[in-house]
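# Coordinate inspection notes
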Amino acid sequence: MRSRFARELRRLADRIEYQDRSSARRMGIPVGAYTLFSRVARVADISAVLDIGANTGQFARWAAAYFPGKPIHCFEPLADCVAALNRVAASHSNIVVHPFALGEHNGTHQMQRNDYSPSSSLLNMTDRHRELWPHTKTDRPIEIEVRRLDELNERFSAPLFLKFDVQGYELHALRGAQQVLKKAAVLQLEVLFDRLYEGQSDFLTLMNFLSGHGFSFVDFADERRVGPNRDLVYADAVFVADAYRKKPSK
């Protein structure tokens, strides 16, 4: 009986996975992102997506396709990346571009603009980062605008899905977003486990901060491992607001 039940579960899982892959391919979304969006949609009927560290719009395009008609707010300070984002927004009416970074305080800050734009950060890169990814060895300082997300709080309504990918600067961005966090149902944060940037946010500190704001860690959506021991370097951590977590049935 148990083996038959296990086979039925396996067939059901295969059917669901096939359907996900088929739907993801039809919508032009990578399967991993499609699966994440599906899980987010099961948590809450998301009113908007905030893509913090949007780069050239990779994530924004996928979110715009999965959440049609819902605003996708993209935050990105690098001028060339903003130009690429604006081109994406020209063909997706629900994408809104905000040409600045998010942090704890408003002002002009120095950013380390890397030749590989996704590795650019408000923090200094470590030698370990360059060792793992030699193509990131060159960067230069530039001045960018940094603003608190809470200044835009009135523009957003609950429930929100927030994605952070800010190269170790996550805690600073979160501290400037404490009012917006009250409207969030799901957060996705890139968290670093190897020392890639000076003064980077660590997973335990981020988890404790978010726990204090009513969020619980639920899973890793994606991860990057290196070396013979497959050491974890970074991962996308998913947090859900406790108010939206399903209660266990009695």
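Residues numbered from 1 in each chain as written. Predicted model: local features only at pLDDT ≥ 70, side-chain atom pairs only at ≥ 80, totals over all residues. Heavy atoms only, no water.

### Some thoughts on the layout of surface pockets
One number sums up the size of the largest pocket: a volume of about 1000 Å³. Around the largest pocket, the lining is made up of 47 residues, and of these Pro 118, Lys 163, Asp 165, Gln 167 and Glu 190 lie nearest the centre. Counting residues per element, the ones that place at least two in the lining of the largest pocket are helix H2 (31–43), helix H3 (58–66), strand E4 (101–102), strand E7 (160–164), strand E8 (184–192), strand E9 (215–226) and strand E10 (231–241). Ranked by residue count, the leading element in the lining of the largest pocket is E9, at four residues. Tallied by class, the residues present in the lining of the largest pocket amount to 27 nonpolar, 12 polar and eight charged. In this structure, the second largest pocket spans a volume of roughly 240 Å³. What lines the second largest pocket is a set of 12 residues, among which Arg 39, Arg 42, Val 43, Val 218 and Val 240 lie closest to the centre. Listed by contribution, the elements that provide at least two residues to the lining of the second largest pocket are H2 and E10. The greatest single-element share of the lining of the second largest pocket, amounting to five residues, is contributed by H2. (1 Å grid on protein atoms, 1.4 Å probe; cavity = no way out; pocket = protein on both sides within 12 Å on 5 of 7 lines; lining within 4 Å. Points joined across faces, edges and corners; volume = space filled by probe spheres on them. Helix = DSSP H or I, 4+ residues; strand = E, 2+ residues; numbered from the N terminus. Nonpolar A, V, L, I, M, F, W, Y, C, P; charged D, E, K, R; others polar.)

### Looking at the nonpolar core
Membership of the largest hydrophobic core comes to 48 residues, with the highest contact counts inside it found for Leu 50, Phe 75, Leu 149, Leu 162, Leu 187, Leu 189 and Leu 210. Non-local contacts of Leu 50, meaning those with residues more than four positions away in its chain, are made with His 73, Phe 75, Leu 149, Phe 156, Leu 160, Phe 161, Leu 162, Lys 163 and Val 180. (Core = buried A, V, L, I, M, F, W, Y, C linked by side-chain atoms within 4.5 Å. Buried < 20%, exposed > 50% of the residue type's maximum accessible area, 1.4 Å probe, protein only. Contact = heavy atoms within 4.5 Å.)

### Some details on unusual backbone geometry
In this chain, Ala 158 is followed by Pro 159 through a cis amide linkage whose omega measures -5°. Notably, Asn 55 is not glycine yet its phi reads approximately 55°, a positive angle. In this fold, Asn 55 is placed in the loop between strand E1 (48–52) and H3. Accessibility expressed as a relative area gives 10% for Asn 55, which makes it buried. Phi is positive for Gln 167, which is not a glycine, with a value near 50°. Note that Gln 167 resides in the loop between E7 and helix H6 (170–175).

### Here we look at the packing of aromatic side chains
In the structure shown here, the tally under the stated rule is 15 aromatic pairs. Considering the side-chain rings of Phe 193 and Phe 220, the 5.9 Å spacing of their centres and the 85° angle between planes classify their relative orientation as edge-to-face. Remark: Phe 220 occurs in strand E9 and Phe 193 occurs in the loop between E8 and helix H8 (203–211); sequence separation between them is 27 residues. Arg 147 extends its terminal NZ or CZ atom over the ring of Phe 100, reaching a point 4.5 Å from the ring centre. Above the face of the Phe 59 ring, Lys 163 is positioned so that its terminal group lies 5.2 Å from the ring centre. (Phe/Tyr/Trp six-rings, centres within 6.5 Å; stacked < 30°, edge-to-face > 60°. Lys NZ or Arg CZ within 6 Å of the ring centre and 35° of its normal.)

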